[in-house]
Amino acid sequence: MIQVMGLEKEYHGRPVVRGVSFDVQPGEVVGLLGPNGAGKTTTLRMLATTLRPTRGTAKVAGYDIVQEPLKVRAHVGVLPTDPGLYGRLTAAENLRFYGQLCGLGGAALERRIDELLEWLGLAGAKHQRVEEFSKGMRQKLALARAVIHDPPVLILDEPTVGLDVLASRAVINFIRESRKAGRSVLFSSHYLLEADRVCDRVAIIVGGEICAFGTPGDVCRAVGAATLEDAFAYWVERRAGEVDRRVG
Amino acid sequence: MLAGIWAVTETALRMFWRDKHALFWGVVFPLMLMGLIGSVFSNVDDLTLRTAVVVPTPGNPLADGVLAALREVPVLEITIEEEEAALAALRRGERSLVVVLPDQEAVRALAGAFADGPAAGPVPVRVYYDETRAQVAQAGLGVIGAVVAEMNQAITQRRDVLAVQAAGVAAEDVSMFDFLLPGILAMALMQSGLMGVSAVLTGYRERLLLKRVLATPFPPAAFLTGVIARFTLTNMMQGLIILLVGVLVFDAHVVGRYVDLLILMFIGSVAFLSIGFAISSASKTAEAANTLGSVVAFPMMFLSGTFWPRELIPESIQPLINYLPLTPLVEAMRGVATRSESLAAHTGGLLYLAAWAVAAAVVAVWRFRWE
Ligand SMILES: Nc1ncnc2c1ncn2[C@@H]1O[C@H](COP(=O)(O)OP(=O)(O)OP(=O)(O)O)[C@@H](O)[C@H]1O
Ligand SMILES: [Mg+2]
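Treat the numbers as computed from the prediction; the structure is a model and nothing was measured. (Residues numbered from 1 in each chain as written. Chains lettered and ligands numbered in written order. Predicted model: local features only at pLDDT ≥ 70, side-chain atom pairs only at ≥ 80, totals over all residues. Heavy atoms only, no water.)

Generally speaking, soluble globular proteins have nonpolar side chains that are buried together. One finds Tyr86 of chain A together with Met190, Phe223, Phe272, Phe277 and Met333 of chain B to be the most contacted residues of the largest nonpolar core, which totals 76 residues. Take this core: its biggest share by element is 14 residues, from helix α7 (residues 176–206) of chain B. Counting 48 residues, the second largest nonpolar core, distinct from the first, contains Ala92, Leu154, Ile172 and Val202 of chain A. (Core = buried A, V, L, I, M, F, W, Y, C linked by side-chain atoms within 4.5 Å. Buried < 20%, exposed > 50% of the residue type's maximum accessible area, 1.4 Å probe, protein only. Helix = DSSP H or I, 4+ residues; strand = E, 2+ residues; numbered from the N terminus.)

All right, on to the packing of helix α13 (residues 326–339) of chain B against helix α14 (residues 347–367) of chain B then. Residue and element names in this part refer to chain B. Two elements in contact, α13 and α14, have axes separated by 8 Å at closest approach and are oriented at 145 degrees. Along this stretch, α13 crosses α14, giving a crossing that reads as left-handed. Between α13 and α14, the contacting residues are Pro328, Leu329 and Ala332 on the first element and Gly349, Leu350, Tyr352 and Leu353 on the second. Class assignment for the residues of the contact of α13 with α14 results in 6 nonpolar, 1 polar and no charged. (Axes fitted to C-alpha atoms, helices over the stretch in contact; angles between N-to-C directions. Left-handed = near helix turned anticlockwise from the far one by under 90°. Contact = heavy atoms within 4.5 Å. Nonpolar A, V, L, I, M, F, W, Y, C, P; charged D, E, K, R; others polar.)

The final tally for this structure, using the stated rule, is 21 salt bridges over all chains. Aspartate 150 of chain A is paired through a salt bridge with arginine 183 of chain A; the nearest N and O atoms lie 2.6 Å apart. Of this pair, aspartate 150 of chain A sits in the loop between α5 (135–146) and β7 (153–157) while arginine 183 of chain A is found in the loop between α6 (165–180) and β8 (184–189), placing the two residues 33 residues apart along the sequence. Its relative accessible area of 7% is what places arginine 183 of chain A among the buried residues. Where salt bridges share partners, they join Glu93 of chain A together with Glu10, Arg14 and Arg18 of chain B into one cluster. (Salt bridge = Lys/Arg side-chain N within 4 Å of Asp/Glu carboxyl O.)

The next thing to look at is the pairing of strand β4 (residues 55–60) of chain A. Residue and element names in this part refer to chain A. Two strands pair when backbone bridges link them, and strand β1 (residues 2–11) and β4 are joined in this way by 5 bridges, in the antiparallel orientation. In the strand pairing of β4, valine 4 is matched with alanine 58. Note that β4 and strand β5 (residues 63–64) share 2 bridges and pair antiparallel. Of the residues in β5, the one forming a bridge with lysine 59 is aspartate 64. Counting the residues between successive antiparallel strands, the hairpin from β4 to β5 contains 2 residues, one of them, alanine 61, with a positive phi of roughly 55 degrees. (Pairing = 2+ DSSP bridges.)

Let us look at a nonpolar patch on the surface. A cluster of nonpolar side chains, contributed by Val259, Ile263, Phe266, Ile267 and Val270 of chain B, occupies part of the molecular surface with about 380 Å² of accessible area. Among the structural elements, valine 259 of chain B can be located in helix α10 (residues 258–282). (Patch = residues over 30% accessible without salt bridge, like charges linked within 9 Å, V, L, I, M, F, W, Y side chains within 5 Å. Areas by Shrake-Rupley, 256 points an atom, 1.4 Å probe, with all protein chains shown as cover.)

Assigned domains of chain B: these are domain 1 (2–40 + 175–367) and domain 2 (44–169). Spacing between the C-alpha centres of domain 1 of chain B and domain 2 of chain B amounts to 47 Å. (Domains from an automatic or database assignment.)

Shown next, in the form of structure tokens:
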């Protein structure tokens, strides 16, 4: 469903993502794990076609992100770092607007809106303006927006950041149920326990490069770590060591 | 696609409607300005009598004598003009009086009469006044009559050499509100174009709302089309409200065709929208857009003849005024509203405004950023 082939991004000549390659199978959940500034958001944005790669490309839902961005957008649901909802519109109006931008409309769209709000526990806030929403409510609404057009692929950037335990659980459930519905999910996270629990496979990215990719168990075994956190620490420290050696 | 564009427009309209600031600055504020300026300055023109003096044959002593005497009167603001131009100005309400001094022939006849005996009638001093302003006319005729009587006294002491011949001319009564309405209308369109567009767009951009649109399969150009449609609609609605309140509440008169005024409103909306887009494209943050917008808007607000005739503005900055894109819009709107002029009479100015719009559109497209 997602096939990343040597994706690279440079900002003003400085490489930020360097030759990243991995894949996400249909109905699979893959976690992109890495320290701050590792290039997670940059990678996800290139896959969501809101950022042009410097080199390399990827296929998402069978379409090339560079050649056919509009096709890709029609088949992927995106949750950005910042939800970017219209505060002066209500929950339903926000969803309706995005639904219309995705080419939906009429009774089918209204039904979909009710269904999604119900599913994410926002039915009571349907006609409430988003500027009055809590962070958790916004995140749920942004998730609903991501799947309004029922895309086969989901790309979520830190979907649980800043949420309380219950809201996080709701988001994790959302990911699990999406998988059950046959969707492929690629998401970034700083919460390794959470990733361990929900991901079929994880990719550890440090300094714009993928250091490890596989099931959480395989990733741990490869470096003799007991937990995903140990494996993560191993790769981050090793990269830091490499940089030290290069500088020193 | 069309349904999508309409969805963008409709949603943007809804947000505009819920934005109390935009409503205030777009509609209430211009009307307040109009009410304020209109009521404060509505009687100012009665203080001095703008008097046009026509001197048919320069260098004749009698006429020069009367002119010198008129110049002595403090309430008269004297300008020497051609008769036709002066009468036209009187009809437009730009002059209070037109005084036509005796010509060479009349003076010669008078001189002949002195020599040959039989008394010729007195030489007429024709005075045109504005019938629609009775008080001004009365005061003006009174002053001129006194001046002429004094002249008679000085010249002969026996019989009247000069006689005032008064003639009323019905001027189109241009009240302060008539004058202000087109100016305020143009200003409001400029304001919501420059400030409104850039505030909304940079706001969208700062809150990453534009970026979200990029993540949907909806074509970005179609999204912008919807946004442009929303601004054109709100600008037209705003203009209509100002026009209605101006006419119904402030009793402003529009003597020209309303259709022409609507066409001008549309042209103005699109032109300043385009400039607003350029400003928001060229600025990084909402604050920067706001500052740049104010820097562009303020000089126009005060210099383009919106609140007062541009003739009142110092000579030294007059050339600058011609270059401001708001000036031709104000002039065309005022021409239509107060003088019933045709749009064709303003082709040059409107083309200049269009050139601005195109240049701004080029900048907007070239520098537009989604985030
Ligand atoms: N627009 C930009 N211009 C220049 N550099 C950028 C830009 N966006 C990101 N970067 C740089 O790219 C690198 C990777 O950023 P990215 O946002 O992808 O990291 P991340 O893994 O998502 O980090 P975080 O966990 O903090 O969200 C960082 O060093 C960042 O400074
Ligand atoms: Mg990030």
